[in-house]
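Examination of the molecular architecture
Here's the letter readout for the chains.
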Amino acid sequence: MAKMMGPRFKQCRRLGLNVCGHPKAMDRAVRGTSRADKKLSPYGLQLLEKQRLRAYYGVLEKQFSNYVKKAMKSDEATGTVLVQLLECRLDNLVYRLGLASSIRQARQMVVHGHILANGKKVDRPSYGVSVGEVISLREKSQKNSMFKASFEQNATSQYPYLSKDIENFSGTLTKIPERNEVPIEINDILVVEFYSKLK
């Protein structure tokens, strides 16, 4: 299975944005280490924004471009649909629910069979979760102290499109997220412009 590897904090400093969500990711960031600190052409700005969005969700280029193509077929704003598709990935929602402390850990949990969708094991991180689907931690995995601690520590974190069931280590996607509800700092219009030029 292909996945994004490499030092997370270094990647955050290079992109000039905390894309991994760790509170200490940008502690060593100084002026000049980020691409955003340099004078960029319009193409350079579009490329940077695309790389940032990819890094937020830990998606490789081929898979990311497939999401863009799918979003472009929609009648709604392409950038919004793109973010919604990425946000509704199973690994991302496992992370948002607090079952994992990072996207990477969430991805690993899914691949190793710790996560259920509507009671059925799904081991594909890119699985698109539908509205009303219940994401839960497998009963056997609920005894894992690391998973349990992570979920309890993040019990208060709330997103308008997710509902949590703390007692049952689960959560439900209650609606498709609005663009302004997704907690990422991205100008998705620039990402769409980048791919529009490649057509």
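The structure presented is a predicted model; accordingly, all values stated were derived computationally and were not measured.

Attention now goes to the packing of helix 3 (residues 61-72) against helix 4 (residues 78-87). Each pair of packed helices gets described by two things: the angle between the helix axes and the distance between those axes. The contact between helix 3 and helix 4 brings their axes to 8 Å, and the two run at 130°. The angle between helix 3 and helix 4 falls in the class oblique. Here helix 3 and helix 4 pass one another in a crossing that is right-handed. Note on element contacts: helix 4 touches helix 3 through Thr78, Val81, Leu82, Leu85 and Leu86, opposite Phe64, Tyr67, Val68, Lys70, Ala71 and Met72. Of the residues belonging to the contact of helix 3 with helix 4, the class tally is nine nonpolar, one polar and one charged.

What follows deals with the sheet that holds strand 5 (residues 170-173). Across the sheet, which stays open at both edges, the five strands sit in the order 2-1-3-5-4 with antiparallel pairing between neighbours. The sheet is open, and its two borders are formed by strand 2 (120-121) and strand 4 (162-165), each paired with just one other strand. When strand 3 (residues 134-137) meets strand 5, the two strands line up antiparallel, connected through three bridges. Directly across from Ser136, in strand 5, lies its bridge partner Ser170.

Turning next to the confidence of the model for the protein chain. Confidence in the prediction for the protein chain averages 85 pLDDT; 84% of positions are at 70 or higher. Across the protein chain, helix 4 holds the top mean pLDDT of 96, while helix 1 (residues 8-15) sits lowest at 72.

Below, the discussion takes up the pairing of strand 4. Only one face of strand 4 is buried, namely the one carrying Leu162 and Lys164, since none of Ser163 and Asp165 on the opposite face is buried. With four bridges connecting them, strand 4 and strand 5 associate as antiparallel partners. Counted as the bridge partner of Lys164 is Gly171 from strand 5. Hairpin remark: strand 4 followed by strand 5, antiparallel, with four residues in the connecting loop; positive phi at Phe169, about 50°.

Attention shifts here to the environment of Tyr159. Within the secondary structure layout, Tyr159 lies in the loop between helix 7 (145-153) and strand 4. Linking Tyr159 and Pro177, residues 18 residues apart in sequence, is a C-alpha distance of 8.9 Å. Look past the residues within four positions of Tyr159 in its chain and what remains in contact with it is Arg96 and Pro183.

Bringing the packing of aromatic side chains into the picture now. Applying the stated rule across the entire model yields four aromatic pairs. Between Tyr159 and Tyr161 the ring centres are 5.9 Å apart and the planes differ by 40°, which places this aromatic pair in the tilted class. For Tyr161, a relative accessible area of 0% gives the class buried. An aromatic cluster of at least three residues, connected via ring pairs, comprises Tyr43, Phe64, Phe194 and Tyr195.

Turning our eyes to something else, we now look at helix 8 (residues 188-196). Every buried residue of helix 8 is listed here: Asp188, Val191, Val192, Phe194 and Tyr195. Buried residues in helix 8, looked at end-on, bunch into an arc of 155°, giving them a common side. The inward-facing, buried residues of helix 8 abut helix 2 (42-57), helix 3 and helix 4.

Let us now look at the pattern of salt bridges. Summed over the entire model, instances satisfying the criterion amount to eight salt bridges. For the salt bridge of Glu61 with Lys50, the shortest nitrogen-to-oxygen distance reads 2.7 Å. Placement of the pair is Glu61 in helix 3 and Lys50 in helix 2, with a sequence separation of 11 residues. For Glu61, a relative accessible area of 29% corresponds to the partly exposed category. Given the relative accessible area of 5%, Lys50 is considered buried.

What counts as what
- Residues numbered from 1 in each chain as written.
- Predicted model: local features only at pLDDT ≥ 70, side-chain atom pairs only at ≥ 80, totals over all residues.
- Heavy atoms only, no water.
- Axes fitted to C-alpha atoms, helices over the stretch in contact; angles between N-to-C directions.
- Helix = DSSP H or I, 4+ residues; strand = E, 2+ residues; numbered from the N terminus.
- Parallel < 35°, antiparallel > 145°, perpendicular 65-115°, else oblique.
- Left-handed = near helix turned anticlockwise from the far one by under 90°.
- Contact = heavy atoms within 4.5 Å.
- Nonpolar A, V, L, I, M, F, W, Y, C, P; charged D, E, K, R; others polar.
- Pairing = 2+ DSSP bridges.
- pLDDT = per-residue confidence, 0-100.
- Buried < 20%, exposed > 50% of the residue type's maximum accessible area, 1.4 Å probe, protein only.
- Phe/Tyr/Trp six-rings, centres within 6.5 Å; stacked < 30°, edge-to-face > 60°.
- Arc of directions from axis to C-beta.
- Salt bridge = Lys/Arg side-chain N within 4 Å of Asp/Glu carboxyl O.

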